[in-house]
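For reference, the chains in residue letters:
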Amino acid sequence: MVSLNAVVQSNSDLKDYGPGLVGVFVGGTSGIGEATARSFVKYATSPRVYLVGRNDAQATRITDELEQLNPGSRVVFVRCDVSLLRLVDEACKRIQEREEKVNLLVLSSGIFTTKARTETTEGLDKKLCLDYYSRMRFISNLLPQLHAAASRPNAISEKKSKGLASVVSVLEAGGEGPLILEDLPLKDNYSPKNCAKHAITMTSLSLGELAKANPSVSFVHTYPGIVKTGAFRDFGAVTQALIRVLFVVAKPWTVPVEECGERHLYAAVGLPKIRTVDEGAGRPYLVNWDGEPRGNQNVLGLYREKKIGKVVWKHTVDVFRRTCS
Ligand SMILES: NC(=O)c1ccc[n+]([C@@H]2O[C@H](COP(=O)([O-])OP(=O)(O)OC[C@H]3O[C@@H](n4cnc5c(N)ncnc54)[C@H](OP(=O)(O)O)[C@@H]3O)[C@@H](O)[C@H]2O)c1
């Protein structure tokens, strides 16, 4: 376990990258995304922050709080329903109009639901799109800005000779399982369990493909642990009350949301720093809540041998081509 002290110490080095780091937080209007944005603003010098989500009231509250926390920061809310890929493209354009580089892309948009398959107007399941396709679309679209961040360090300290360019997807590293290869978008085989498995496994595999093709950018898939956030807001009053009780009982096993934010900033910035080139280059970082490695290597090893990552990424790009062109 990486101690919280070590995490905080590493995060406080963020200032060595100099002023003007840019962070994009898709899902930054609540929970883990919000907490990670807060940690970023706490340690960075004059950062620029983009919060992507739908909730204006939450965005206004967070913007005010972040700008108070660090008066040099500038926070912009990008209102977007990211369950539609064409809207993701519009959100990315708005960011690209303002920024030449993106240092941090944190992806945590999602909903907890046990509903049956809910098809969007683009023909994808909404939850699978939120957890997987739209996140991959953000990465694909913003790759030029991530590369620009990697190649143009504005470090003020010699310790930071490389640029900072990092992508973190918050889902469930380690929860990988067998895929239904003939039905990756789960048109005919949808269940909440299959949806979770596909989103998680496709994330680990696709981040692997992206890491191979873009070695100057870090790609991280995390399991955040059990964190009390707004994630259960769509459940009924009784279920929400039950969940509140469960959180009280399970408190010793939960991760406070502030700690989770610190640890996700560390996953993005600190972790790639301490990994060796052999471990890091061309491989995504699959990380547990406490900074330790976490990936189902039985499944991923087999899929690596069979080059299933390529199959999954090709499918993903085909979906993008069909939906967004
Ligand atoms: N919390 C946990 O214990 C836990 C455990 C394991 C995995 N995770 C995973 O971690 C991720 C983040 O969870 P969290 O706990 O931080 O949840 P959260 O507090 O509910 O935050 C979810 C974020 O997603 C955004 N979002 C949802 N639907 C959206 C849409 N259609 N368009 C745009 N934004 C949308 C929400 O923004 P708006 O409301 O503004 O739209 C919100 O900012 C999720 O993928 C979750 O599955 C969480």
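Going by what an unreviewed UniProt entry lists, the chain is known as NAD(P)-binding protein and is assigned to Aspergillus lucknowensis.

Caption draft 1: Local environment of the overall build of the chain. Summing up its helical and strand segments, the chain has eleven helices and seven strands in all. The C-alpha atoms of the chain give 19 Å as radius of gyration, which agrees with the globular expectation for 325 residues (20 Å, within 12%). The C-alpha extent of the chain, read off along each of the three principal axes, is 55 × 45 × 40 Å. Taken over 325 residues, the chain has a buried fraction of 56%. Of the contacts made within the chain by residues no fewer than 6 positions apart, 79% connect residues no fewer than 24 positions apart.

Caption draft 2: Here's a closer look at the sheet that holds strand β7 (residues 285-287). Spatially, the seven strands line up as an open sheet ordered β3-β2-β1-β4-β5-β6-β7, and their pairing is parallel. Looking at which strands have only one partner, the edges of the open sheet turn out to be β3 (74-79) and β7. The mean angle between the axes of side-by-side strands here comes to 15 degrees, regardless of whether they run parallel or antiparallel. When strand β1 (residues 22-26) meets strand β2 (residues 48-53), the two strands line up parallel, connected through five bridges. Bridging from a neighbouring strand, Val26 pairs with Val52 of β2. Contacts from helix α6 (residues 192-213) reach β5 (166-170), β6 (218-222) and β7 within the one sheet, and its direction differs from that of β6 by about 165 degrees.

Criteria and cut-off values
- Residues numbered from 1 in each chain as written.
- Predicted model: local features only at pLDDT ≥ 70, side-chain atom pairs only at ≥ 80, totals over all residues.
- Heavy atoms only, no water.
- Helix = DSSP H or I, 4+ residues; strand = E, 2+ residues; numbered from the N terminus.
- Rg over C-alpha atoms; globule rule 2.2 N^0.38 Å.
- Buried < 20%, exposed > 50% of the residue type's maximum accessible area, 1.4 Å probe, protein only.
- Contact = heavy atoms within 4.5 Å.
- Pairing = 2+ DSSP bridges.
- Axes fitted to C-alpha atoms, helices over the stretch in contact; angles between N-to-C directions.

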